[in-house]
Amino acid sequence: MTKTTPPPRPTDSYFNLFVYKTLKQYPRLYIAAEGKKERKKEKEGRRRRRMEKLGSLRHLFVTIFLGVFSGCVVIPAITDVTMSALCPGQDECSLAIYLSGIQQAIVGVGTVVMTPIIGNLSDQYGRKALLTIPLAVSIIPLAILAYSRSKTSFYAYYGIRAVTAMVGEGSINCLALAYVADNISEGQRTSAFGILSGVVSAAFVCGTLAARFLSTASTFQVATLGSMIATVYMRIFLKESLPNGDSSQPFLKKEPAGIISPLDDNSDSSSSSSSEKIHEGGFKKIPAVGDLISLLKCRAAFSQAAVIVFFNSLAEGGLQASLLYFWKARFHFNKDQFADIMLIIGVMGTISQLLFMPLLAPRVSEEKLLCIGLLTGSAHIFLNSIAWSFWVPYAAAALAAFAVIATPCVRSIVSKQVGPNEQGKAQGCISGISSSAQIISPLIFSPLTALFLSEGAPFYFPGFSIMCIAFASMIAFIQSTMIRAGPPISSQLASNGNCIEP
């Protein structure tokens, strides 16, 4: 029988003396009390470590906030700028709808190619190094409209943004998600992704609120300044992050570990062999189509998530290309009304992701939260398609409270289907699939919107294209009811290029 050591004898009070005698008489009570105290300490320690990990992401959150703020502050104004440049004095302009759709499709084509490459290169060279590129190039088109909003300046903005957005449209989100996955354990990623999405929503709210009170000229000047501050802040304060935890790996290196095998053991290797190895080291990490296909085949949950992302992005791209023009033609909305509705969506989304998401994620499975988000998103789009009065878009915007949780849920599911060394590749693959939907979406919905808003529509239903977008969102919802995510892949089981079956 194990001998129990009694607690030390206290001398400061009669109450403590009474407790001491009781515990000495009943050793099991002493053991139970000590065990409860230890469990409480362990719980507090886990909570403290979790908060420290989230705190380590604060510089990333500030960077993303400033970058998203700069992009969102111009959204309510860009529709009026486009209409003024192309169709002055009109509320319906097919040319503006077509040009916006073409630009979105061009950006989608470039993003499909660039996002997987940037995401995969970040697995080798670091998230911060690759994040510098999209943040820096996003300054250029904003600066053009900050200088002038003439027809010539608009076309210059149109062309340059089509090029720069190929690099920046999906890369910032992809790299931010991979950065979070590097620094947060698998069990906490859903909450961390939700907080990141909440930061994006908060930036959306602040940008929209600023656009509501700023003039059009000041809007683009503020956006340019915010984008510059985001780039400088990120370069100064954000720490480098790599899957293997090495924060000192240079952007350019000759022989990355685990990539190049020596051609021979002789010390007098030829210079041509060395240059060949350097070439391999620099481009081995660029993903081929076969790599992405094998990644999709890795687990059923990953391929199902890819289908959900495709149709959800198809719907989001359709809304981006058509909804503001639909509101302007249907209810004669301008920049201020756009900002009001977007402000409601942003506030509700921020509350959902910063308050509801951290509370629900530990108690409700990601699959259920994904279904809830996609269902409410479909309802939001459907209500806009049959809007019979100007107040309906305002009321439908309240449904965005839960619609925005779909993206962090599906991203969390994806992150758990690959190992830590493939987070950039996985998020880049999903972002590429999302961008491919962005290519198709404006080619379908922009002509449809222009047709049903014109006098030559086959039948009177101005919101017909919006209802078709709602059907695409419903397909994503139906697929989400069938997804069954397997257990997370541990770092010990993960291997480069190898598929791990559940």
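Each value, and the rule that gives it
- Every chain's residues receive numbers from 1 upward, in the order its sequence appears when written.
- In keeping with the model being predicted, local features are shown solely for residues with a pLDDT of at least 70 and side-chain atom pairs are shown and tallied solely at 80 or more, while totals for entire chains, interfaces and linings include all residues.
- Values shown for side chains rest on all heavy atoms present in the structure; no hydrogens or waters enter the calculation.
- Here a helix means four or more residues in a row that DSSP labels H or I, a strand means two or more in a row labelled E, and each is numbered from the N terminus.
- Residue burial is assigned from relative accessible area. The probe radius is 1.4 Å, only protein chains are included, and a residue is buried under 20% of its type maximum, exposed over 50%, and partly exposed in between.
- We call two residues contacting when some pair of their heavy atoms lies within 4.5 Å.
- Accessible surface area values rest on a Shrake-Rupley calculation with a 1.4 Å probe, where residue burial reflects the displayed protein chains alone.
- Two rings from Phe, Tyr or Trp (for Trp, the six-membered ring) form a pair when their centres sit within 6.5 Å of each other. Planes less than 30 degrees apart are called stacked, planes more than 60 degrees apart edge-to-face, and all others tilted.
- Each patch is assembled from residues with relative accessible area greater than 30% and no salt bridge, linking like charges that lie within 9 Å and nonpolar side chains (Val, Leu, Ile, Met, Phe, Trp, Tyr) that lie within 5 Å.
- The working definition used for a salt bridge is a side-chain nitrogen of Lys or Arg within 4 Å of a carboxyl oxygen of Asp or Glu.
- Every axis corresponds to a line fitted to the C-alpha atoms, with the helix fit spanning only the stretch in contact, and the corresponding angles, defined between N-to-C directions, vary from 0 to 180 degrees.
- Angular relationships are summarised with four words: roughly parallel below 35 degrees, roughly antiparallel beyond 145, roughly perpendicular across 65 to 115, and oblique for the angles in between.
- Two helices that cross are described as forming a left-handed crossing if the nearer one is turned anticlockwise from the farther one by less than a right angle, and a right-handed crossing if clockwise.
- Each residue is assigned to one of three groups, with Ala, Val, Leu, Ile, Met, Phe, Trp, Tyr, Cys and Pro labelled nonpolar, Asp, Glu, Lys and Arg labelled charged, and all others, Gly among them, labelled polar.
- In these notes, a set of buried Ala, Val, Leu, Ile, Met, Phe, Trp, Tyr and Cys residues joined through side-chain atoms within 4.5 Å is what counts as a nonpolar core.
- One less than the residue count of a helix, multiplied by 1.5 Å, gives the span that helix is expected to have.
- Throughout this description, a polar contact denotes any pair of N or O atoms lying within 3.5 Å of each other; where both atoms belong to protein, one of them has to be capable of donating a hydrogen while the other can accept it, and for residues adjacent in sequence the pair is counted only when both atoms sit in side chains.
- Values of pLDDT, which run from 0 to 100, indicate the predictor's confidence residue by residue.

Along the backbone of the chain there are 21 helices and zero strands. Counting every position in the chain, which comprises 502 residues, the buried fraction comes to 50%. The long-range fraction of contacts in the chain, counting pairs at least 24 apart against all pairs at least 6 apart in sequence, stands at 83%. For the chain, the accessible area works out to roughly 23,900 Å², and carbon and sulfur atoms hold 63% of it.

We now examine the packing of aromatic side chains. What describes a pair of aromatic rings is the distance from one ring centre to the other and the angle between the planes of the rings. Inspection of every chain in the model, using the stated rule, returns 14 aromatic pairs. On the numbers, 6.2 Å between centres and 70° between planes, the contact of F333 with Y394 is edge-to-face. Here F333, found in the loop between α14 (300-331) and α15 (335-360), pairs with Y394, found in helix α17 (residues 392-396); they are 61 residues apart in sequence, far enough to count as distant. Y394 gets classed as partly exposed once you look at its relative accessible area, which sits at 23%. Summarising the aromatic geometry, the rings of F461 and F464 are spaced 6.1 Å apart at their centres and angled 65° between planes, so their arrangement reads as edge-to-face. Owing to a relative accessible area of 22%, F461 belongs among the partly exposed residues under this scheme.

We now examine the side chain of S473. With respect to the element layout, S473 can be found in helix α21 (residues 464-480). Excluding residues that lie within four positions of it along the chain, S473 makes contacts with A315, L374, G377, S378 and I381.

Another aspect to go through is a nonpolar patch on the surface. A cluster of nonpolar side chains, contributed by V347, I351, L355, F356, L359 and L360, occupies part of the molecular surface with about 460 Å² of accessible area. If you trace the backbone, I351 turns up in helix α15.

The subject of this paragraph is the pattern of salt bridges. If you walk through the whole model with that rule in mind, you get four salt bridges. A salt bridge links D80 to K328; its shortest N-O distance comes to 3.2 Å. Taken together, the residues D80 in helix α4 (residues 75-86) and K328 in helix α14 connect sequence positions 248 residues apart. Residue class for K328 comes out buried when judged on its relative accessible area of 8%. In this structure, D182 engages R127 in a salt bridge whose closest nitrogen and oxygen atoms are separated by 2.7 Å.

So, on to the packing of α4 against α15. As a packed pair, α4 and α15 sit with axes 8 Å apart at the nearest point and diverge in direction by 150°. When the axes of α4 and α15 are compared, the pair comes out roughly antiparallel. Pair α4 / α15 crosses with right-handed handedness. Mapping the contact onto sequence places I75, P76, A77, T79 and D80 in α4 and K335, F338, A339 and M342 in α15. Here the contact of α4 with α15 is composed, by residue class, of six nonpolar, one polar and two charged.

Counting 83 residues, the largest nonpolar core has V180, F220 and W327 as its most contacted members. The element contributing the most residues to this core is α14, with nine residues. The residues contacting F220, other than those within four sequence positions of it, are V74, A77, I78, V81, L142, L145, A146 and R149. Counting residues in each nonpolar core, the second largest holds 24 residues, with L370, V410, V418 and I433 among its members.

So, about the packing of helix α7 (residues 139-147) against helix α11 (residues 216-237). Close contact between α7 and α11 brings their axes to 8 Å; oriented N to C, the two are set at 155°. Comparing their axes, α11 and α7 come out roughly antiparallel. Both α7 and α11 take part in a crossing whose hand is left-handed. Each of I139, L142, A143, L145 and A146 in α7 lies in contact with α11, whose residues at this interface are F220, Q221, A223, T224, S227, M228 and T231. For the contact of α7 with α11, the residue count by class is eight nonpolar, four polar and no charged.

The next point concerns α11. With 22 residues, α11 extends 32 Å from end C-alpha to end C-alpha; this agrees with the ideal 32 Å at 1.5 Å per step. Listed as buried for α11 are T219, F220, A223, T224, G226, S227, A230, T231, Y233 and M234. Residues of α11 that are buried sit in contact with α3 (58-72), α4, α6 (127-137) and α7.

Moving on, we get to the environment of Q337. Within the fold, Q337 resides in helix α15. Here Q337 falls in the partly exposed class, since its relative accessible area comes to 24%. Sequence separation between Q337 and W327 is 10 residues, and the spatial gap between their C-alpha atoms is 9.4 Å.

Okay, unusual backbone geometry next. The residue H332 is not glycine, and still its phi comes out positive at about 60°. Structurally, the position occupied by H332 is in the loop between α14 and α15.

Next up on the list: the side chain of T132. Position of T132 relative to the elements: it lies in helix α6. At 2.9 Å, the side chain of T132 and the side chain of R235 are in polar contact. Sequence-distant contacts of T132, that is, excluding residues within four places in its chain, are made with M234 and R235.

Here we come to the confidence of the model for the chain. Any segment with low pLDDT has predicted coordinates that should not be analysed in fine detail. Confidence in the prediction for the chain averages 75 pLDDT; 73% of positions are at 70 or higher. Every residue in residues 246-286 is under pLDDT 50, and counting partners more than four places away or in other chains gives 38 contacts. Per-residue pLDDT stays below 50 along residues 491-498; that stretch engages in 13 contacts with residues further than four places along the chain or on separate chains.

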